Amino acid sequence: ILLVLKLNMNIFFANFETNLKILIKETPWKELFFSKPCIAIYFAHFTSNTGIYIFLTQLPSFIKDVLKFDIKSNGLASALPYIASSLLNTIFGIVSDKLISSGKLSRTNSRKIFGFIGFIIPILALIWLSFVTCAQPILAVSLLVIGISF
């Protein structure tokens, strides 16, 4: 058994090295990495991750200092957008898969539509949030939930 395993590993790694050389040589890496779809993905991930990290670091301070929540209710208010995000990501993933598998939407159109929804709704919610005062804490937290969870 060990001999067979060793022979199979030698064949695998010998073929792997050859196939890897062919893959590296024949793949147009520069055109791939600098294509419009890849650049769009880079931009989308960069802006999404930047927004997430800003919210992760600044949200508790915003809720405490601007919305005037006490520290005990600040924990739940800070966690609520991320709980909603987990639920909505799962729900919209299932909806998207159902639309694709039923043939109502192509994979490309599904990605475009759900990507658009995932960008436009948070933008509108966060713009609206900039006009909310500390006298409207429920509205502010609701807009935060909408802005972060999509």
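Up top is the structure these notes are about.
Cut-offs and rules
Residues numbered from 1 in each chain as written. Predicted model: local features only at pLDDT ≥ 70, side-chain atom pairs only at ≥ 80, totals over all residues. Heavy atoms only, no water. Helix = DSSP H or I, 4+ residues; strand = E, 2+ residues; numbered from the N terminus. Contact = heavy atoms within 4.5 Å. Buried < 20%, exposed > 50% of the residue type's maximum accessible area, 1.4 Å probe, protein only. 1 Å grid on protein atoms, 1.4 Å probe; cavity = no way out; pocket = protein on both sides within 12 Å on 5 of 7 lines; lining within 4 Å. Points joined across faces, edges and corners; volume = space filled by probe spheres on them. Salt bridge = Lys/Arg side-chain N within 4 Å of Asp/Glu carboxyl O. Patch = residues over 30% accessible without salt bridge, like charges linked within 9 Å, V, L, I, M, F, W, Y side chains within 5 Å. Areas by Shrake-Rupley, 256 points an atom, 1.4 Å probe, with all protein chains shown as cover. Bend = angle between axes of the 7 residues up to and from the residue. Core = buried A, V, L, I, M, F, W, Y, C linked by side-chain atoms within 4.5 Å.

A.B. asks: Residue-level account of the overall build of the protein chain, with values.
C.D. replies: Along the backbone of the protein chain there are six helices and zero strands. Ordered by position in the sequence, the α and β elements of the protein chain form the string α-α-α-α-α-α. Sequence separation of at least 24 residues holds for 54% of the intrachain contacts in the protein chain that already meet a minimum separation of 6.

A.B. asks: Outline unusual backbone geometry, listing residues and values.
C.D. replies: Residues other than glycine seldom take positive phi values, yet Lys68 does so here, at roughly 60°. With respect to the secondary-structure elements, Lys68 resides in the loop between α3 (36-66) and α4 (71-101). We classify Lys68 as exposed; its relative accessible area is 57%.

A.B. asks: Quick one: what's the story with the layout of surface pockets, residue by residue and with numbers?
C.D. replies: In this model, the largest pocket occupies a volume close to 1100 Å³. Along the walls of the largest pocket sit 33 residues, with Ser48, Gly115, Gly118, Phe119 and Phe150 positioned nearest its centre. Those elements giving two or more residues to the lining of the largest pocket turn out to be α3, α4, α5 (107-129) and α6 (137-149). Per element, the largest residue contribution to the lining of the largest pocket is 11 residues, and it comes from α5.

A.B. asks: Just give me the short version of the pattern of salt bridges, but keep the residues and values in it.
C.D. replies: The tally for this structure, following the rule as stated, stands at one salt bridge. Lys64 is the partner of Asp65 in a salt bridge, and the nearest nitrogen-oxygen pair spans 3.6 Å. Owing to a relative accessible area of 43%, Lys64 belongs among the partly exposed residues under this scheme.

A.B. asks: An account of a nonpolar patch on the surface is needed here, citing residue identities and associated values.
C.D. replies: On the surface, a cluster of nonpolar side chains totalling about 700 Å² of accessible area is made up of Trp29, Leu32, Phe33, Phe34, Ile39, Ile41 and Tyr42. Taken together, the elements giving at least two residues each to the nonpolar patch come down to α2 (29-33) and α3. With respect to the secondary-structure elements, Phe33 resides in helix α2. The class of Phe33 is partly exposed, set by a relative accessible area of 40%.

A.B. asks: Tell me what's going on with α3, and back it up with residues and numbers.
C.D. replies: Gln58 marks the point of greatest bend in α3, at about 50°, and the proline Pro60 comes within the next four residues. If you check which residues of α3 are buried, you get Cys38, Leu59 and Ile63.

A.B. asks: Before we move on, can you summarise the environment of Val141 with the specific residues and values?
C.D. replies: Checked against the element boundaries, Val141 lands in helix α6. Residues Val141 and Ile63 lie 78 residues apart in sequence; the distance between their C-alpha atoms is 8.3 Å. Non-local contacts of Val141, meaning those with residues more than four positions away in its chain, are made with Leu67, Phe69, Ala77 and Leu80.

A.B. asks: I'd like a description of the nonpolar core, backed by residues and values.
C.D. replies: Counting 15 residues, the largest nonpolar core has Ile63, Leu67, Phe69, Leu129, Val141 and Leu144 as its most contacted members. Secondary structure elements with two or more residues in this core: α3, α4, α5 and α6. With six residues, the top contributor of residues to this core is α6. Residues contacting Ile63, with those up to four places away along its chain left out, are Lys68, Phe69, Asn74, Ala77, Ser78 and Leu144.

Interpretation note: all reported values are geometric properties and have no functional meaning in isolation.
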